[in-house]
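For reference, the chains in residue letters:
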Amino acid sequence: KTELLRVEHLKKYFNTPFGVLHAVDDVSFTVMKGETLGIVGESGCGKSTLGRAILRLHEPTSGKVLFEGEDILAYDKKKMKAMRRDMQIIFQDPFASLNPRMTVSETIYEALLIQKLYSPRDKEGLRKRALELMDMVGLAPRLVNTYPHELDGGRRQRIGIARVLALDPKMIVCDEPVSALDVSIQAQILNLMQDLQDRMGFTYLFITHDLSVVKHLSDDILVMYLGQMVEKAPAGKLFEKP
Ligand code: ADP
Ligand code: ADP
């Protein structure tokens, strides 16, 4: 097993009208390639901020983020942009992150074009890749020209996953990816994510307030409380009877 991510003494403080908020307060952990780290804790404990700080969507206040041994906090904008491909995020509400004016295929094309994986003139290549990605996430080819509002929450989340897959990342931060979905659809999306991990070797940081969601999915589980890590243990161990 090789280490993919090492987080050392990571802090993210926010200046608020009420003073400095220690949203993430000295968190350290490592994640191995191909594994899932569940990040759990009640609402407001800093899970989302931690996930975003690791991706530098929120600039960390201090600490280290080593990805494949490299200190990405030292990367300049250009290097970080290239790095983005390797570290993707899936949000709770795909509606909020999908462009309502873009069809399923256009959403996928955009991802492929932004990272210059295809030339805009290669219409045939783009179309073929989009259909391939749709197939990987269980979206029927007939949905290729539909818009997000025409689809249910589960299918919208599948588009979000397809867009992330298009970039062939190494690590995916999953920020409450099933929390906005009907319970009946949650299991389908979780199964899809597990299946994709088995096939593609993704490493997941899986953020959720719902322990039952990550219980079966995680290798290790990190428990947060008020910005701090209060426990980190193998999932099996956390659920052992005393
Ligand atoms: P969780 O994901 O566990 O629900 P968050 O990471 O969203 O928790 O939030 C942790 C704390 O940081 C909360 O008190 C939240 O209000 C605060 N917070 C999050 N983002 C910001 C921000 N951009 N500015 C100020 N405070 C923030
Ligand atoms: P950073 O500079 O670390 O990247 P952001 O740019 O993400 O931080 O923060 C943008 C702004 O969003 C914050 O300054 C804050 O005013 C606002 N904000 C976002 N989420 C929250 C929250 N939960 N509570 C208070 N303010 C928030």
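Conventions adopted
- Residues numbered from 1 in each chain as written.
- Chains lettered and ligands numbered in written order.
- Predicted model: local features only at pLDDT ≥ 70, side-chain atom pairs only at ≥ 80, totals over all residues.
- Heavy atoms only, no water.
- Pairing = 2+ DSSP bridges.
- Helix = DSSP H or I, 4+ residues; strand = E, 2+ residues; numbered from the N terminus.
- Buried < 20%, exposed > 50% of the residue type's maximum accessible area, 1.4 Å probe, protein only.
- Contact = heavy atoms within 4.5 Å.
- Core = buried A, V, L, I, M, F, W, Y, C linked by side-chain atoms within 4.5 Å.
- Axes fitted to C-alpha atoms, helices over the stretch in contact; angles between N-to-C directions.
- Salt bridge = Lys/Arg side-chain N within 4 Å of Asp/Glu carboxyl O.
- Near = heavy atom within 4 Å.
- Polar contact = N/O pair within 3.5 Å; in protein donor to acceptor, adjacent residues only side chain to side chain.
- Areas by Shrake-Rupley, 256 points an atom, 1.4 Å probe, with all protein chains shown as cover.
- Patch = residues over 30% accessible without salt bridge, like charges linked within 9 Å, V, L, I, M, F, W, Y side chains within 5 Å.

Going by an unreviewed UniProt entry, the protein carries the name ATP-binding cassette domain-containing protein and comes from Breznakiella homolactica.

For the rest of this paragraph, the subject is the pairing of strand β10 (residues 228-234). Alignment of strand β9 (residues 220-225) against β10, held across six bridges, turns out to be antiparallel. Across the sheet, Met224 pairs through a bridge with Met229, a residue of β10. Here β9 hands over to β10 after two residues, with Leu226 in that stretch at a positive phi of 50 degrees.

This next bit is on the side chain of Gln88. Positionally, Gln88 belongs in strand β6 (residues 87-90). Taking relative accessible area as the criterion, Gln88 reaches 14% and is therefore assigned buried. In contact with Gln88, other than residues within four places in its own chain, are Leu55, Val164, Leu167, Pro169, Met171, Ile172 and Val173.

Quick look at the nonpolar core now. Most often, soluble globular proteins have nonpolar side chains that are buried together. Ile108, Ile161, Leu165, Met193, Leu196 and Phe206 are the most contacted members of the largest nonpolar core, which totals 43 residues. A per-element tally of this core places helix α7 (residues 183-200) first, with six residues. Excluding residues within four positions of it along the chain, Leu196 makes contact with Met136, Ile161, Leu165, Gly201, Phe202 and Tyr204. Formed by 29 residues, the second largest nonpolar core is a distinct cluster that contains Val65, Ile72, Tyr75 and Met80.

This paragraph deals with the sheet that holds strand β1 (residues 3-16). Sheet architecture is open: four strands sit in the order β2-β1-β4-β5, paired in antiparallel fashion. Only two strands of the sheet have a single neighbouring strand rather than two, namely β2 (19-32) and β5 (70-71). In the sheet, β1 pairs with strand β4 (residues 62-67) via five bridges, with the strands oriented antiparallel. Following the sheet pairing, Glu8 is matched in β4 by Lys64. Against the sheet, helix α1 (residues 47-54) engages β1, β2 and β4, with an angle of about 115 degrees to β1.

Our next topic: the pattern of salt bridges. For the coordinates displayed, the defined rule picks out 13 salt bridges. One salt bridge in this structure joins Glu35 and Lys1, with 3.3 Å as the shortest N-O distance. With Glu35 in the loop between β2 and β3 (36-40) and Lys1 in the segment before β1, the pair connects residues that are 34 residues apart, well separated along the chain. Exposure remark for Glu35: the relative accessible area of 15% places this residue in the buried category. Assessed through its relative accessible area of 82%, Lys1 is described here as exposed. Salt-bridge contacts for Lys170 lead to Asp86; the nearest nitrogen and oxygen are separated by 3.8 Å. Residue Lys170 is located in the loop between α6 (153-165) and β7 (171-175), and its partner Asp86 is located in the loop between α2 (77-83) and β6; the two are separated by 84 residues in the primary sequence. Ionic contacts of the salt-bridge type, sharing partners, join the residues Lys33, Glu68, Asp86 and Lys170 into one network.

Taken together, the residues surrounding ligand 1 are Phe14, Leu21, Ala23, Glu42, Ser43, Gly44, Cys45, Gly46, Lys47, Ser48 and Thr49. Between ligand 1 and the protein, one listed contact pairs an oxygen atom with a side-chain N or O atom of Thr49 at 2.5 Å. In isolation ligand 1 exposes 560 Å². Once the protein is present, 61% of that is buried. Breaking the shell around ligand 1 down by element, the ones donating at least two residues are β2 and α1. In terms of residue count, α1 provides more of the shell around ligand 1 than any other element does, three residues in total.

The next thing to look at is a nonpolar patch on the surface. On the surface, a cluster of nonpolar side chains totalling about 320 Å² of accessible area is made up of Tyr225, Leu226 and Val230. In this structure, Val230 sits in strand β10.

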